[in-house]
Amino acid sequence: KNEVEQSPQNLTAQEGEFITINCSYSVGISALHWLQQHPGGGIVSLFMLSSGKKKHGRLIATINIQEKHSSLHITASHPRDSAVYICAVSPNTGNQFYFGTGTSLTVIP
Amino acid sequence: DGGITQSPKYLFRKEGQNVTLSCEQNLNHDAMYWYRQDPGQGLRLIYYSQIVNDFQKGDIAEGYSVSREKKESFPLTVTSAQKNPTAFYLCASRDFRGADTQYFGPGTRLTVL
């Protein structure tokens with residue numbers, strides 16, 4: 001049973017395209033995180049959300065608590081955005097985070 | 001700036017050797033976690049600690065050990081009993097009080113040769 005589901009698993013886009021990555025979860029949460037992982041690299045925290053919407057540069061993250069769904073949008077995508085994007089949730093109860101399996105994004109010049 | 005430090009970023013060890021991965025936080029968080037990532041899989045919980053001198057096994061604790069002697073530090077030892085130690089290891093922390101802040105470290109990629 002996966003508490004967090006991401007889609008798509010893999011995504012290829014042309015430079016400049018608008019990209020959406022989706023995350024659905026099945027537990028009550030206090031927060032949802034979007035993380036970025038470059039090939040061979042470490043984890044970078046992009047957003048922590050508990051409601052509404054956040055924006056940082058070309059990245060936008062939204063969450064709908066009632067529908068248990070979050071989206072990560074990248075506007076005007078660039079090859080340097082190529083990475084794995086991971087959704088993670090922190091449940092209201094319990095003692096761990098739950099992670100999606102990640103979305104591998106490749107942006108082609 | 002507060003945050004989590006994991007060092008080193010890349011670590012290489014020979015088979016049969018124990019190796020300890022460092023995780024330090026200056027956030028005053030009570031809870032700390034260790035996760036493992038394998039290619040194509042989500043991160044899985046190895047151990048967690050909710051308070052100093054206390055820790056609990058996660059889903060895949062076999063072959064690993066931890067200690068929590070200080071609030072700031074939660075080192076993970078990968079022992080020779082761990083059959084497939086080559087993986088990416090991620091440390092996280094959480095403060096359940098107040099705003100419930102949560103942080104992730106950058107991770108350590110361990111390769112056993």
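Our subject is the structure listed above.
My aim in this report is to walk through the structure given alongside it, one point at a time.

Reading guide: rules and limits
Residues numbered from 1 in each chain as written. Chains lettered and ligands numbered in written order. Predicted model: local features only at pLDDT ≥ 70, side-chain atom pairs only at ≥ 80, totals over all residues. Heavy atoms only, no water. Core = buried A, V, L, I, M, F, W, Y, C linked by side-chain atoms within 4.5 Å. Buried < 20%, exposed > 50% of the residue type's maximum accessible area, 1.4 Å probe, protein only. Helix = DSSP H or I, 4+ residues; strand = E, 2+ residues; numbered from the N terminus. Disulfide = S-S within 2.5 Å. Pairing = 2+ DSSP bridges. Polar contact = N/O pair within 3.5 Å; in protein donor to acceptor, adjacent residues only side chain to side chain. Contact = heavy atoms within 4.5 Å.

## Comments concerning the nonpolar core
One broad rule of soluble globular proteins: the nonpolar side chains tend to lie buried together. Ranked by internal contacts, the top residues of the largest apolar core, which has 23 residues, are Leu 32 and Trp 34 of chain A. Broken down by secondary-structure element, the contributors of at least two residues to this core are β3 (19-25), β4 (29-37), β5 (43-49), β7 (59-64), β8 (69-74), β9 (83-91) and β11 (103-108) of chain A. Residues Leu 11, Leu 21, Val 78 and Leu 110 of chain B belong to the second largest nonpolar core, which totals 21 residues.

## Brief notes about the state of the cysteines
Residue and element names in this part refer to chain A. By the definition in use, this model includes two disulfides over all chains. The disulfide partner of Cys 23 is Cys 87, and the gap between their sulfur atoms is 2.0 Å. Disulfide Cys 23-Cys 87: the torsion about the S-S bond is -65 degrees, which places it as left-handed. Of this pair, Cys 23 sits in strand β3 while Cys 87 sits in strand β9, and the two are 64 residues apart along the sequence.

## Points about the pairing of β5 of chain A
All names here are of chain A. As defined by bridge partners, β4 adjoins β5 across six bridges and the pair is classed as antiparallel. Its bridge partner lying in β5, Gln 37 is registered against Ile 43. From the end of β4 to the start of β5, which pair antiparallel, there are five residues, and Gly 40 there has a positive phi angle of about 70 degrees.

## Comments concerning the side chain of Gln 6 of chain B
Residues and elements named next belong to chain B. Turning to its location among the elements, Gln 6 is positioned in strand β1 (residues 4-7). In terms of polar contacts, Gln 6 uses its side chain to reach the backbone amide nitrogen of Cys 91, at 2.9 Å. Only 3.0 Å separates the side chain of Gln 6 from the backbone nitrogen of Gly 107, close enough to count as a polar contact. Excluding residues within four positions of it along the chain, Gln 6 makes contact with Ser 22, Trp 34, Tyr 89, Leu 90, Cys 91, Gly 105, Pro 106, Gly 107 and Thr 108.

Shape is all these values report; function is a separate question.
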